[in-house]
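Residues per chain, in single letters:
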Amino acid sequence: MKFRAKIVDGACLNHFTRISNMIAKLAKTCTLRISPDKLNFILCDKLANGGVSMWCELEQENFFSEFQMEGFSAENNEIYLELTSENLSRALKTAQNARALKIKLTNKHFPCLTVSVELFSMSNSSRIATHDIPIKVIPRKLWKDLQEPVVPDPDVSIYLPVLKTMKSVVEKMKNISSHLVIEANLDGELNLKIETELVCVTTHFKDLGNPPLASESTSQDRNPEHMAEVHIDIRKLLQFLAGQQVNPTKALCNIVTNKMVHFDLLHEDVSLQYFIPALS
Amino acid sequence: MNENEHDTTLNLKCKLGMKSILPIFRCLNSLERNIEKCKIFTRSDKCKVVIQFFYRHGIKRTHNICFQESQPLQVIFDKNVCTNTLMIQPRLLADAIVFFTSSQEEVTLAVTPLNFCLKSSNEESMDLSNAVYSEMFVGSDDFDFFQIGMDTEITFCFKELKGILTFSEATHAPISIYFDFPGKPLALSIDDMLVEANFILATLADEPSRASSPQSLCLSQKQKRSDLIKKKAGKNATGQTLECISRKAAPRRIYPKETLTNISALENCGHPGMKRANGDISEVSESSVSNTEEVPGSLCLRKFSCMFFGAVSSDQQEHFNHPFDSLARASDSEEDMNNGSFSLS
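Keep in mind that this is a model prediction, so the values were computed, not measured.

Undergrad: Please give an account of the confidence of the model for chain A that cites residues and values.
TA: Here chain A averages 89 in pLDDT, and 94% of its residues register 70 or above. The secondary structure element of chain A with the lowest average pLDDT is helix α4 (residues 216-221) of chain A, at 58, and the one with the highest is strand β14 (residues 200-205) of chain A, at 95.

Undergrad: Report on the pairing of strand β8 (residues 111-119) of chain A, specifying residues and quantitative values.
TA: Residue and element names in this part refer to chain A. The buried fraction of β8 is high, at seven of nine residues. Bridge analysis of strand β7 (residues 98-107) against β8 gives nine bridges, and the strand direction is antiparallel. Across the sheet, residue N107 finds its bridge partner in β8, namely P111. Counting the residues that bridge the hairpin from β7 to β8 gives three residues. Pairing analysis gives eight bridges linking β8 to strand β9 (residues 127-134), with the strands arranged antiparallel. Each bridged residue has a counterpart across the sheet, and for S116 the counterpart in β9 is T130.

Undergrad: With reference to specific residues and values, describe the pattern of salt bridges.
TA: Residues and elements named next belong to chain A. Tallied over the entire structure, the rule returns 13 salt bridges over all chains. Ionic pairing is found between K136 and E82, a salt bridge with its closest N-O pair at 3.7 Å. On the criterion of sequence distance, the pair formed by K136 in strand β10 (residues 136-137) and E82 in strand β6 (residues 79-84) is long-range, its members being 54 residues apart. Overall, the relative accessible area of 29% leaves E82 in the partly exposed class. Note that K108 and D132 form a salt bridge whose closest N and O atoms lie 3.1 Å from each other. Placement of the pair is K108 in the loop between β7 and β8 and D132 in strand β9, with a sequence separation of 24 residues. Judged by its relative accessible area of 4%, D132 is buried.

Undergrad: Can you lay out the interface of chain B and chain A for me, pointing to particular residues and giving the numbers?
TA: Interface size is commonly expressed as the accessible surface area that is lost when the partners come together. Taken together, the contact between chain B and chain A spans 20 residues of the former and 18 residues of the latter. Across the interface of chain B and chain A, roughly 1700 Å² is buried in total on both sides, 54% from carbon and sulfur atoms. Here chain B and chain A share zero salt bridges between them. Between chain B and chain A we count four residue pairs in polar contact (both at pLDDT 80 or more) in total. Counting residues per element, the ones that place at least two in the side of chain B that touches chain A are α3 (90-97) and β9 (133-139) of chain B. For the side of chain B that touches chain A, the element with the highest residue contribution is β9 of chain B, accounting for seven residues. Of the residues that constitute the side of chain B that touches chain A, the class distribution is 11 nonpolar, five polar and four charged. Both β9 of chain A and β9 of chain B contribute to a ladder of four bridges, which runs antiparallel.

Undergrad: Describe the environment of H231 of chain A, with residues and values.
TA: Residue and element names in this part refer to chain A. Its place among the elements puts H231 in strand β15 (residues 228-233). Residue classification places H231 among the partly exposed positions, given a relative accessible area of 25%. When the C-alpha positions of H231 and E183 are compared, they lie 8.8 Å apart, and in sequence the two are 48 residues distant. Excluding residues that lie within four positions of it along the chain, H231 makes contacts with H179, L180, V181, N258, P277, A278 and L279. There is a polar contact of 3.4 Å between the side chain of H231 and the side chain of E229.

Undergrad: Which residues make up a negative patch on the surface, and what are the values?
TA: Together, D37, E59, E61 and D269 of chain A make up a negatively charged patch on the protein surface. Within the secondary structure, E59 of chain A is located in strand β4 (residues 53-59).

Undergrad: Residues and numbers for the packing of helix α1 (residues 10-26) of chain A against helix α2 (residues 85-93) of chain A, please.
TA: Residue and element names in this part refer to chain A. Two elements in contact, α1 and α2, have axes whose closest approach is 8 Å; the angle formed by their N-to-C orientations is 150°. Viewed along their axes, α1 and α2 adopt a mutual orientation that is roughly antiparallel. With respect to the hand of their crossing, α1 and α2 are arranged in left-handed fashion. Contacts between α1 and α2 involve F16, T17, S20, N21, I23 and A24 from the former and S85, E86, L88, S89, L92 and K93 from the latter. A per-class count over the contact of α1 with α2 returns five nonpolar, five polar and two charged.

Undergrad: Explain the nonpolar core to me, using residue names and the numbers behind them.
TA: Of all hydrophobic cores here, the largest spans 116 residues; its most connected members are F3, F41, L113, I182 and F263 of chain A together with F116 and L118 of chain B. With near-sequence residues (within four places) excluded, F263 of chain A lies in contact with L160, I182, L237, F240, L252, C253, L272, Q273, Y274 and I276 of chain A. Of all hydrophobic cores here, the second largest spans 12 residues; its members include I35, I40, V49 and F67 of chain B.

Undergrad: Can you break down the sheet that holds strand β12 (residues 179-184) of chain A residue by residue, with the values?
TA: Residue and element names in this part refer to chain A. Read across the open sheet, the four strands follow the order β14-β13-β12-β15; overall the sheet is antiparallel. At either margin of the open sheet sits one strand with a lone partner, and together these are β14 and β15. Within this sheet the neighbouring strands show an average axis-to-axis angle of 20°, counted without direction. Contacts from helix α3 (residues 163-174) reach β12, β13 (190-195) and β14 within the one sheet, and its direction differs from that of β13 by about 10°. Set on the sheet, helix α5 (residues 234-242) makes contact with β12, β13 and β15; between it and β15 the angle comes to about 90°.

Undergrad: Give me α3 of chain B: which residues, what numbers.
TA: Because each turn of an α-helix spans 3.6 residues, side chains separated by three or four positions in sequence point in the same direction. Burial runs high along α3 of chain B: six of the eight residues are buried. By the burial criterion, the buried members of α3 of chain B are P90, L92, L93, A94, A96 and I97 of chain B. Against the buried residues of α3 of chain B lie β9 of chain A together with β6 (84-88), β8 (115-120), β9, α5 (158-169) and β12 (175-179) of chain B.

Rules used in this analysis
- The residue numbers shown here count from 1 along each chain, following its written sequence.
- Here the convention is simple: chains get letters from A, ligands get numbers from 1, in the order in which they are written.
- Per-residue local features are limited, in this predicted model, to residues with pLDDT of at least 70; the limit for side-chain atom pairs, both in listing and counting, is 80 or more; totals at the level of whole chains, interfaces and linings are taken over all residues.
- No hydrogens and no water enter the side-chain calculation; it runs on all heavy atoms of the structure.
- The predictor attaches a confidence to each residue, called pLDDT, with possible values from 0 through 100.
- Helix numbering and strand numbering both begin at the N terminus, where a helix is a DSSP run of H or I of at least 4 residues and a strand a DSSP run of E of at least 2.
- Burial here depends on accessible area, computed with a 1.4 Å probe over protein chains only, as a share of the maximum for the residue type. Under 20% is buried, over 50% is exposed, and the range in between is partly exposed.
- Pairing between strands is defined by DSSP: at least two bridges between the two strands are required.
- Each reported salt bridge corresponds to a side-chain nitrogen of Lys or Arg within 4 Å of a carboxyl oxygen of Asp or Glu.
- Pairs of residues are marked as contacts when any of their non-hydrogen atoms sit within 4.5 Å.
- Reported buried area values correspond to the accessible surface (1.4 Å probe) lost by two parts on association, with both partners' losses combined.
- The definition of a polar contact used here is a pair of N or O atoms within 3.5 Å, where within protein one atom must be able to donate a hydrogen and the other to accept one, and adjacent residues in sequence count solely through side-chain atom pairs.
- Gly counts as polar in this scheme, as do all residues outside two lists: the nonpolar Ala, Val, Leu, Ile, Met, Phe, Trp, Tyr, Cys and Pro, and the charged Asp, Glu, Lys and Arg.
- In this analysis, a patch consists of residues with relative accessible area above 30% that form no salt bridge, clustered at 9 Å for like charges and at 5 Å for the nonpolar side chains Val, Leu, Ile, Met, Phe, Trp and Tyr.
- Only the protein chains shown count as cover for residues, and all accessible areas are computed by the Shrake-Rupley method using a 1.4 Å probe.
- For the purpose of charge, His is not counted, nor are the chain termini; Lys and Arg are scored as positive and Asp and Glu as negative.
- Taken as the charge location is NZ of Lys, CZ of Arg, CG of Asp or CD of Glu.
- Axes here refer to lines fitted to C-alpha atoms; in helices the fit is confined to the stretch in contact. Angles between the N-to-C directions go from 0 to 180 degrees.
- Any angle between 65 and 115 degrees counts as roughly perpendicular, while under 35 counts as roughly parallel, over 145 as roughly antiparallel, and the rest as oblique.
- Helix crossings are classified by the rotation of the near helix relative to the far one: an anticlockwise turn of less than a right angle makes the crossing left-handed, while a clockwise turn makes it right-handed.
- Nonpolar core, defined: a set of buried Ala, Val, Leu, Ile, Met, Phe, Trp, Tyr and Cys residues in which side-chain atoms within 4.5 Å join the residues together.

Encoded structure:
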């Protein structure tokens, strides 16, 4: 298996770094899937993750000036690696004003993803920093658990309000209850509710707009004011919101009543899908 | 105000808690804007250092801090005879430091006549399978002065380096680094108009034989040192860094000759992670305390560092007449800086 890629454009580098930071906030350990056209950061819905899953996808040609990979085999031309997200984001953080960034798969004393940063310096001599990030190669037989999650037909699909606002609301709510209800309808209304013995707090967001639903029939049967709701763990929602440092280009949320909430974001050209299951 | 009528100049060596001093000088902006004068003096009768701020409109704020007498350790270390000397702006080095994950205890510096490389210490990254191994090359052009006598790789405490760089960024002078082979101390030196600071760090010895070279003389100073050693001997040897901060010694003319010979030097140390002979620490140190002889490097199992700090002031005359008045304004370092070494013999 081989992998070798290079970024020379400053904007691409910064964007890649931001994505890596976001992943680090969303998942402590994640899987990096390398394929000829794409890079994916994957978190699968194991119990250890609390049932949360994540699928982040980017087109490699939007970032890398050079990209070569050789997967497991000709038929399975992919590489699946497990790494600690923070290691990657920290290494990339040092590449803020770099001239070039190279990433490659190496095997020094153990398999590593070597990130090599070429920096500008005051004088002519360029400064080079390398980071060997230890990784685990995921065997072929486990790949089936790491495929793109199927998005079930949502009951309601709605555009999200400004994420920073949502985050500050949820942060305050976290102090009162660990259990939150998200509900939305096809009239552009979204509510965040918490309920305890002593107090109920609801925050209403209006005029959010709804994207066109895939299947016409469900939208016609449904009363637009009817709320679809799901009960989730507030900390998981907060972790998701905290990971969004920059306001996304597009953000929408799909609710499957009492099953799960699915967040679908687009950060410029990188798509992020995040699934939070309902509390049983 | 302590009025000292004696003509003999006296010098006070004492310790003050950092926790007491920091809050007093915390808000730099408000200090600069509102304070007209600051007076620092001692009241030897009450063992207190008094810091007074004189504000506008006759407002005066007084802080009384208790001090403790102390006999600081001295280090014999001549930076001029070091094989390798570098000088660089602290900012550039601090930028390099950013590359290392903060959990690391040690960092290795590898130099050749052409380049300079900071890298994660091998000892550590081998143990932790999750640790990122980093290397940072800095071209020799970035240095104000770059003289390497021989290819060297030395390992020392990372936390100390970070602290020293943070401190040195406050001054605008370049930082000089003097070092030799592994095991021999490394000195970091800053020379500004107002401040000269020298930091001596212990480095990891490669093999036991190295550390027992003639340079690793270890003379001990009686009580304080043995107290210090006894106190720390019980500690778990893994990853514990022994810290020892000392003040610069007073100039010759003030101290009687006898005390000058009782100066202790920095011990070269072995790896803090070495667990063997943990129990031997107290034994060895006691023997080193009683005889002023070389301590075999293989039995040195702790790490500690010393910091010397001498304040330079223009008010030389005033100091001679009222030695007890001002602690911080004192300048006792002029003569000793001339030959660039710290030894007082």
